[in-house]
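Fold and contact review
Read off the chains here:
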2 protein chains.
Amino acid sequence: MKTFQEMSREELLKEKESLEAAYHDYEVKGLSLNMARGKPATAQLDLANPMLDVLNSKSDFKSVDGDVRNYGVIAGITEAREFMAQIMECDKDEVIVGGNASLTLMYDMVCRSYTHGVMGATPWCKLDKVKFLCPVPGYDRHFTITEHFGIEMINIPMNESGPDMDMVEKYVNNDSTVKGIWCVPKYANPSGITYSDETVKRFAALKPAAEDFRIYWDNAYAEHHLYKDDQDQLLNIMDECKKAGNPDMVYVFASTSKMSLAGAGISAVATSKANREHLLKLMNAQMISFDKVNQLRHVRFFKDINGLRAHMMKQADILRPKFEMLLNLFDRELAGAGAGTYSRPKGGYFITYTTVDGCAKRVIELCKNAGMVMTGAGAPFPYKNDPHDSVIRIAPSLPPMEELEVAGQLFVICVKLATVEKLLQ
Amino acid sequence: MKTFQEMSREELLKEKESLEAAYHDYEVKGLSLNMARGKPATAQLDLANPMLDVLNSKSDFKSVDGDVRNYGVIAGITEAREFMAQIMECDKDEVIVGGNASLTLMYDMVCRSYTHGVMGATPWCKLDKVKFLCPVPGYDRHFTITEHFGIEMINIPMNESGPDMDMVEKYVNNDSTVKGIWCVPKYANPSGITYSDETVKRFAALKPAAEDFRIYWDNAYAEHHLYKDDQDQLLNIMDECKKAGNPDMVYVFASTSKMSLAGAGISAVATSKANREHLLKLMNAQMISFDKVNQLRHVRFFKDINGLRAHMMKQADILRPKFEMLLNLFDRELAGAGAGTYSRPKGGYFITYTTVDGCAKRVIELCKNAGMVMTGAGAPFPYKNDPHDSVIRIAPSLPPMEELEVAGQLFVICVKLATVEKLLQ
């Protein structure tokens, strides 16, 4: 079979006609499909419903730290710190358990650095220039936070072993206005790759020009495997930073949002004891405690990392067929067609489709006009600016399988049509 | 009976001896008492336990806005906005429902003003000087927030109808560096008074020199009456501000922390639609949503304002005897003794004891040395500085009645002893 690039103009025009006809068949269906956000499906949420039974009016509400229903215990109850420490592979005394969103923990972390500075350094609001490195494609909500605080964002290309570390080292080790880097190190959003051991070691060995440089390590998909026996492994960044003499250089974030309930999970940040102590002191102005009832509810439901992993395999049983269906479809319809490439993740929430340069916006526009919402073009880039206009984030989790099949077929048509249109320009 | 002031030196010395003996009897008991924080008693928390049954694995999780278990709906589910709007006496479209703490909503409000400014005004972090007015005695955690952001705090004396409004008007209407005032307008923390209608009207009629001046109206005790038939009434500040042509001038805060569970309630801020829209835009960088499962749980449990009020009367049945026991004790032992005065609140969480000038620290020290923790001396004042060293905040809610009786008796002895010591100096 010829690739689109190998086709003559006549062949392309013929393809276009046939694709437009196929597209039109979808257009008239009045579809309402959504592959935009990494939202769990109802069936995944249902798995966590029994969590709502474990604390009830007959329960005792005692944690090691006392009655969870009353005020206090700003760092989170000991049991929840132990539980999150298992997920984050660290000590419970390095953990602060937060509220229902690690995103808010990250925002607050950047915000506190802006208003009060990192461990005694000048608050960023008093500096003329603050920069963050942003491996791309990345998570749009990270970029929203840094843009919100007027922080200049610098694209760092991702390859199959993580961010381009030569570039990271060059910036971090030489530019004292570089204060942070956003990372989703495992089953990355959206590329699905996991940072190699070498990448993690090179991160840990950074010699930042700025004393208040920190790695914002958003390990959002730590336990979000699609397969039981074929799982990515991520080196422990906190351990590596300690070994490299940089114990304070990293904040690790995690949450149960995509383990228990997306809007009602618990979150955590893990970091060195020095960082943690400083954070708790500043947090004392903001709150008395997070919701400890929900913390206890989570611990009593999952019990420990083994309980959690068993639960996540049930989630995988729901997610895996969706990923595989789409990937099989792409293998049949798009592989070797000259219409771009796609990731084949073993976990996480996304497939990244990389179109021929200059086609992503058009694909998303075609999808939208036929009734299917995709993540906005450019979203995985700072300032929503995809320099090659080629990256599309596909979120297969939310739609039921029947809808996802239709969505996949429509997507294939849109990708092909946009490619042909481009080649005919 | 003679007051302490009317006693001769010899009589005072005799009193001192007898008080020291009585104090010593407590000292040797090895007591561990706590009247420091406004924490609900276990019996009060137990009243809300059935709330944990209303959402369980058999429930539907549907709100008007969709499945509460998934992401989204940043302003809170409609049902929770309606419920909080009943407590806050406003429209649901003026309400944002938050997480488990109105304190965090207040911190975040000040923080956003610091980092991004109020409705387009210069961010406070870019200004040389920002001031807040602080009616005193007041809530220590308010003062912690403003101190945290380097905001200069100005004491405003409280009288029986609220803050000294002449002074408030003078500052707000003439000094453009005055950006806010902290108010607990009903059953105030710690004085227990409720602002008069005239006070509220004068607040609403302020003509601030600063366009970004706001009233931080922490209506923490809106439904926290001790009596069914003798309740303070507070004029609606949002209505009054609208009438006075100042619709954007106030943020109203409330929470269910002392209605349902102290660590696991829901909170809300109510304000003009213009303010609210601006807030939601900024909040979008910080979060996807608060915990909507807990919002739905609250609405299904309380149902509406009537359900809530019935619940609060059950709480009053637990709190009232504690307040009355202490007040009866003070009436018997301290009224007319020349050892200070005390408030007689009809709601809220505190009794304020005002000692003879220069005695508060000593009373609290004496209490501490006999094993009883009180709120720190000076805590109800900015910078923990009580200019008369006379205000003591008493929190009767947490200890069981038997302990509270002992605590009250010990407190009486400490107050008398400190007074006598002072007069003998």
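Right above here is the structure, for reference.
Since the structure is predicted, the reported quantities are computational estimates derived from the model, not experimental observations.

Quick notes on the overall build of chain A
Within chain A one finds 14 helices and 15 strands. Taking 22 Å as the expected radius of gyration for a compact globule of 425 residues, we find that chain A reaches 23 Å, a close match to that expectation. In terms of principal-axis extent, the alpha carbons of chain A reach across some 75 × 55 × 35 Å. Counting over 425 residues, chain A shows a buried share of 62%. Across chain A, contacts joining residues at least 24 apart in sequence account for 77% of those joining residues at least 6 apart. When the accessible surface of chain A is totalled, it reaches about 15600 Å², and 49% of it is carbon and sulfur. If you average the places of the 49 positive and of the 56 negative side-chain charges in chain A, the two averages end up 4 Å apart.

A short note on the side chain of Gln-295 of chain B
Residue and element names in this part refer to chain B. Mapping Gln-295 onto the fold places it in helix H11 (residues 292–302). The class of Gln-295 is buried, set by a relative accessible area of 1%. Apart from residues no more than four positions distant in its own chain, Gln-295 is found in contact with Gly-76, Ile-77, Ala-80, Val-97, Gly-98, Ile-266 and Phe-290.

Here's the deal with the interface of chain A and chain B
By convention, interface size is frequently given as the accessible area that disappears when the constituent parts associate. The interface is formed by 56 residues belonging to chain A together with 56 residues belonging to chain B. Carbon and sulfur atoms make up 52% of the area that chain A and chain B hide from each other, which totals about 4700 Å². Contact with chain B buries area across many residues of chain A, yet Arg-69, Tyr-71 and Gln-286 of chain A alone supply 16% of it, more than any other trio. Linking Asp-46 of chain A and Arg-69 of chain B is a salt bridge whose minimum nitrogen-to-oxygen distance equals 2.7 Å.

Things to note about the relation of the copies chain A and chain B
Of the two same-sequence chains, chain A is brought onto chain B (RMSD 0.0 Å, axial shift 0.0 Å) by a rotation of 180°. Taken together, the rotation and translation describe the operation of a two-fold axis. The share of interface residues of chain A whose copies in chain B are also at the interface is 100%, consistent with both copies meeting through the same surface.

Here's the deal with the sheet that holds strand E11 (residues 267–270) of chain B
Residues and elements named next belong to chain B. Taken together, the 8 strands give an open sheet; going across it, the order is E4-E11-E10-E9-E8-E5-E6-E7, and neighbouring strands pair in mixed fashion. Unpaired on one side and paired on the other, strand E4 (95–97) and strand E7 (162–163) mark the two borders of the sheet. Pairing of strand E5 (residues 131–136) with strand E8 (residues 178–183) involves 3 bridges; the strand directions are parallel. Looking at the pairing, Leu-133 lines up with Ile-181 of E8. Packed on one face of the sheet, helix H4 (residues 78–88) meets E4, strand E10 (250–255) and E11 and runs near 120° to E4. Across the sheet, helix H5 (residues 102–116) touches E5, E8, strand E9 (214–218), E10 and E11, and the angle it forms with E10 is around 155°.

Focus: the environment of Gly-265 of chain B
Within the secondary structure, Gly-265 of chain B is located in the loop between E10 and E11. In contact with Gly-265 of chain B, not counting residues within four places along its chain, are Gly-99, Asn-100, Thr-256, Ser-260, Asn-294 and His-298 of chain B.

Side note on empty space enclosed by the protein
Any space left empty among the atoms is revealed by the rolling of a water-sized probe across them. Counted according to the given criterion, the structure contains 9 cavities of 30 Å³ or more. By volume, the largest cavity amounts to about 420 Å³. What lines the largest cavity is a set of 32 residues, and nearest its centre among them are Gly-99 and Asn-100 of chain A together with Gly-99, Asn-100 and Phe-290 of chain B. Within the residue set of the lining of the largest cavity, elements represented by two or more residues are helix H5 (102–116) of chain A together with H5 of chain B. In terms of residue class, the lining of the largest cavity is made up of 10 nonpolar, 18 polar and 4 charged.

Some details on the packing of aromatic side chains
For any pair of aromatic rings, the description consists of the separation of the ring centres together with the inter-plane angle of the planes. Residue and element names in this part refer to chain A. Applying the stated criterion across every chain yields a total of 38 aromatic pairs over all chains. Note on Tyr-114 and Phe-149: the rings are 5.1 Å apart at their centroids and 50° apart in plane angle, and the pair reads as tilted. Of this pair, Tyr-114 sits in helix H5 while Phe-149 sits in the loop between helix H6 (140–148) and strand E6 (152–159), and the two are 35 residues apart along the sequence. Three or more aromatic residues joined by ring pairs form one cluster here, namely Trp-124, Phe-132, Trp-182, Tyr-216, Tyr-251 and Phe-253.

Here's the deal with the sheet that holds strand E15 (residues 391–394) of chain A
Residue and element names in this part refer to chain A. Strand order in the open sheet formed by 3 strands is E12-E13-E15, with antiparallel pairing between adjacent strands. Either end of the sheet is taken by a strand with one partner, and the two such strands are strand E12 (341–342) and E15. Sheet analysis places strand E13 (residues 351–354) next to E15, joined by 4 bridges and oriented antiparallel. The residue bridging Thr-354 from the neighbouring strand is Val-391, located in E15.

Overview of H11 of chain B
Think of an α-helix as 3.6 residues a turn; residues three or four steps apart then line up on the same face. All names here are of chain B. Burial analysis of H11 places 10 of its 11 residues in the buried class, the great majority of the element. Where H11 is concerned, the buried positions are Lys-292, Val-293, Asn-294, Gln-295, Leu-296, Arg-297, His-298, Val-299, Phe-301 and Phe-302. Residue Asp-291 occupies the N-cap position of H11, its side-chain oxygen lying 3.0 Å from the main-chain nitrogen of Val-293. Two residues or fewer after H11 comes Lys-303, characterised by a positive phi angle close to 70°.

Looking at unusual backbone geometry
All names here are of chain A. Here the residue pair Val-136 and Pro-137 is connected by a cis peptide bond, since its omega of -5° sits within 30 degrees of zero. Even without being a glycine, Tyr-383 presents a positive backbone phi close to 55°. Following the sequence through the fold, Tyr-383 ends up in the loop between strand E14 (372–374) and E15. The backbone of Asp-389 shows a phi angle near 45°, a positive value even though the residue is not glycine. Counting through the fold element by element, Asp-389 comes out in the loop between E14 and E15. Relative accessible area serves as the criterion here: at 16%, Asp-389 is assigned to the buried category.

About the criteria used
Residues numbered from 1 in each chain as written. Chains lettered and ligands numbered in written order. Predicted model: local features only at pLDDT ≥ 70, side-chain atom pairs only at ≥ 80, totals over all residues. Heavy atoms only, no water. Helix = DSSP H or I, 4+ residues; strand = E, 2+ residues; numbered from the N terminus. Rg over C-alpha atoms; globule rule 2.2 N^0.38 Å. Buried < 20%, exposed > 50% of the residue type's maximum accessible area, 1.4 Å probe, protein only. Contact = heavy atoms within 4.5 Å. Areas by Shrake-Rupley, 256 points an atom, 1.4 Å probe, with all protein chains shown as cover. Lys, Arg positive; Asp, Glu negative; His and termini not counted. Charge placed at Lys NZ, Arg CZ, Asp CG, Glu CD. Buried area = accessible area lost by both parts, 1.4 Å probe. Salt bridge = Lys/Arg side-chain N within 4 Å of Asp/Glu carboxyl O. Least-squares fit on C-alpha atoms with pLDDT ≥ 70 in both. Pairing = 2+ DSSP bridges. Axes fitted to C-alpha atoms, helices over the stretch in contact; angles between N-to-C directions. 1 Å grid on protein atoms, 1.4 Å probe; cavity = no way out; pocket = protein on both sides within 12 Å on 5 of 7 lines; lining within 4 Å. Points joined across faces, edges and corners; volume = space filled by probe spheres on them. Nonpolar A, V, L, I, M, F, W, Y, C, P; charged D, E, K, R; others polar. Phe/Tyr/Trp six-rings, centres within 6.5 Å; stacked < 30°, edge-to-face > 60°. Polar contact = N/O pair within 3.5 Å; in protein donor to acceptor, adjacent residues only side chain to side chain.

That is the geometry; function is a separate question.
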